[in-house]
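Here's the letter readout for the chains.
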Amino acid sequence: MVRIAIVEDDAHDLELLKDCLMRYAKENRHKFDILEFQDGEDITTGYTADYDIILMDIEMWFMDGMKAAEKIRESDQDVVIIFITNMPQYAIQGYKVNALDYMLKPISYFSFSESMNKALKKVKNSEKQYVVISTKGGKMRLDVSRIAYVEVLDHTLIYHTTEGKFAAKGTLRDAESQLEPYHFFSCSRCYLINLNYVENYQGSTVYIDGDAIQISRSRRKVFPDILNEYFD
């Protein structure tokens, strides 16, 4: 099911968008989970990065759509953003937040369906496995394939990724539970490693993305077998 957020402060335009979505879903046999927000501030407050598509009005009272999109991009690089506006000169600035498209008001079903075709094609082509982590600013979605390893430091989870480090609330057991289906190995009470990032293994040390990580004595015996099984 495709999760879609509508951010629109005009009641009439909101209903029109919902009608278009329902018609599109029926004609194309899709299932949508639709969430509604009245303002850019509403969707960015405690943002949960688990939407596939965001239909975003630009002109809103408290936080406009462009500022909301900039804030969303701080924690979610993959969600498809489509702007909705009656002022195309603003929508053209969408490249700054990697917006896919924009629709001009009043919205026609033809233009809506064209934009949705592009959006769903991008969603399908970029399907990845994600985990959602709890951060100080709310929640953040991480692409599992970009996580090299997870470290516990002072009761905080540090996700070491190809795009940098991200701190999150939780325990290593929480991370292990989330990442269990994706070939991660708990090499001690402090580290959870992605087997795909193993560069070298010598004695009790495994090298992950350039970092040396120690494997606890209780896990040393099973690690070579698990690693060989993964790469076979």
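Residue numbers run consecutively from 1 along every chain, following the written order of its sequence. Two thresholds apply to this predicted model, a pLDDT of at least 70 for residue-level local features and 80 or more for giving and counting side-chain atom pairs, whereas whole-chain, interface and lining totals are computed over all residues. Note that water and hydrogens are dropped before the side-chain values are worked out from all heavy atoms of the structure.

A. A look at the overall build of the chain. To qualify as a helix, a DSSP run of H or I must reach at least 4 residues; to qualify as a strand, a run of E must reach at least 2; elements of each kind are numbered from the N terminus. Within the chain, the secondary structure is distributed over eight helices and 15 strands. Principal axes of the C-alpha set define a box for the chain whose edges measure 65 × 35 × 25 Å. Whether a residue is buried, partly exposed or exposed follows from its accessible area with a 1.4 Å probe, protein chains only, as a fraction of its type maximum: under 20%, in between, or over 50%, in that order. Counting over 232 residues, the chain shows a buried share of 44%. The contact definition used throughout considers only heavy atoms, calling two residues in contact when any of these lie within 4.5 Å. Pairs at least 24 residues apart make up 53% of the contacts formed inside the chain by residues separated by at least 6 positions. Each accessible area is a Shrake-Rupley estimate made with a 1.4 Å probe; only the visible protein chains count as cover when residues are assessed. In the form shown here, the chain has an accessible surface area of approximately 13,000 Å², with 48% of it arising from carbon and sulfur atoms. His residues and chain termini do not enter the charge count, which takes Lys and Arg as positive and Asp and Glu as negative. Where a charge lies is defined by one atom per residue type: Lys uses NZ, Arg uses CZ, Asp uses CG and Glu uses CD. Distance between charge centres in the chain, computed from 28 positive and 37 negative side chains, equals 5 Å.

B. The sheet that holds strand β14 (residues 205-208), seen in detail. Strand pairing follows a simple DSSP-based rule, namely that at least 2 bridges must link the two strands. In spatial order, the strands read β13-β14-β15; together these three strands make up an open sheet with antiparallel pairing. Only two strands of the sheet have a single partner each, and these edge strands are β13 (198-202) and β15 (211-214). Between one strand axis and the next, the sheet turns through 25 degrees on average, direction left out of account. Across four bridges, the pairing between β14 and β15 is antiparallel. In the sheet register, Ile 208 faces β15, and the bridge partner there is Asp 211. All axes here are fitted lines through C-alpha atoms, helices being fitted over the stretch that makes contact, and every angle between N-to-C directions spans 0 to 180 degrees.

C. Layout of the pairing of strand β3 (residues 53-57). For β3, a buried count of five out of five residues is recorded, marking the element as mostly surrounded by other parts of the structure. Of the two faces of β3, both are covered, the one formed by Ile 53, Leu 55 and Asp 57 as well as the one formed by Ile 54 and Met 56. Sheet topology places strand β1 (residues 2-7) next to β3; four bridges connect them, and they run parallel. Bridged to Ala 5 within β3 is Ile 54.

D. Looking closely at the sheet that holds β1. As summarised here, the arrangement of the five strands in space is β2-β1-β3-β4-β5, forming an open sheet in which the pairing is parallel. Since the sheet does not close on itself, it has two edges, and those belong to β2 (32-37) and β5 (101-104), each with one partner. If you compare each strand with its neighbour and ignore which way they point, the axes differ by 20 degrees on average. Together, β1, β2, β3 and β4 (80-85) form the strand contacts of helix α1 (residues 11-28), whose direction differs from that of β2 by roughly 175 degrees. Lying over the sheet, helix α3 (residues 65-73) contacts β3 and β4, oriented at roughly 150 degrees with respect to β3.

E. Layout of unusual backbone geometry. Residues Lys 105 and Pro 106 are joined by a peptide bond in cis, for which omega reads -10 degrees. Mapped onto the secondary structure, Pro 106 falls in the loop between β5 and α5 (109-125). Of note, the phi angle at Asn 98 is positive, near 55 degrees, even though the residue is not glycine. With respect to the helices and strands, Asn 98 occurs in the loop between α4 (88-91) and β5.

F. Representation of the nonpolar core. Counting residues in each nonpolar core, the largest one holds 23 residues, and the members touching the most others are Ile 4, Leu 21, Phe 32, Ile 53, Leu 55, Phe 112 and Met 116. For this core, the elements supplying multiple residues, two or more each, are β1, α1, β3, β4 and α5. Residues contacting Phe 32, with those up to four places away along its chain left out, are Met 1, Val 2, Ile 4, Leu 21, Tyr 24, Ala 25, Met 116 and Leu 120. In this structure, Ile 54, Ile 58, Met 63 and Ala 69 belong to the second largest nonpolar core, which totals 20 residues. The criterion is simple. A nonpolar core is a set of buried Ala, Val, Leu, Ile, Met, Phe, Trp, Tyr and Cys residues joined through side-chain atoms within 4.5 Å.

G. A look at the side chain of Asp 57. Within the secondary structure, Asp 57 sits in strand β3. Take Asp 57: its relative accessible area is 0%, and that puts it in the buried class. A polar contact of 3.4 Å, which involves the side chain of Asp 57, links it to the side chain of Lys 105. Within 3.5 Å is the distance limit for a polar contact, defined as a pair of N or O atoms, with the added protein rule that one can donate a hydrogen and the other accept it, and that residues adjacent in sequence qualify only through two side-chain atoms.

H. How the structure looks around the environment of Tyr 95. Within the secondary structure, Tyr 95 sits in the loop between α4 and β5. Along the primary structure Tyr 95 and Arg 173 are separated by 78 residues, whereas in three dimensions their C-alpha atoms are 40 Å apart.

I. Layout of the state of the cysteines. Criterion for a disulfide: a pair of cysteine sulfur atoms within 2.5 Å. Tallied over the entire structure, the rule returns zero disulfides. Between Cys 190, a free cysteine, and Cys 187, which holds the nearest cysteine sulfur, the sulfur-to-sulfur gap is 9.0 Å.

Just geometry here; none of it tells us what the structure is for.
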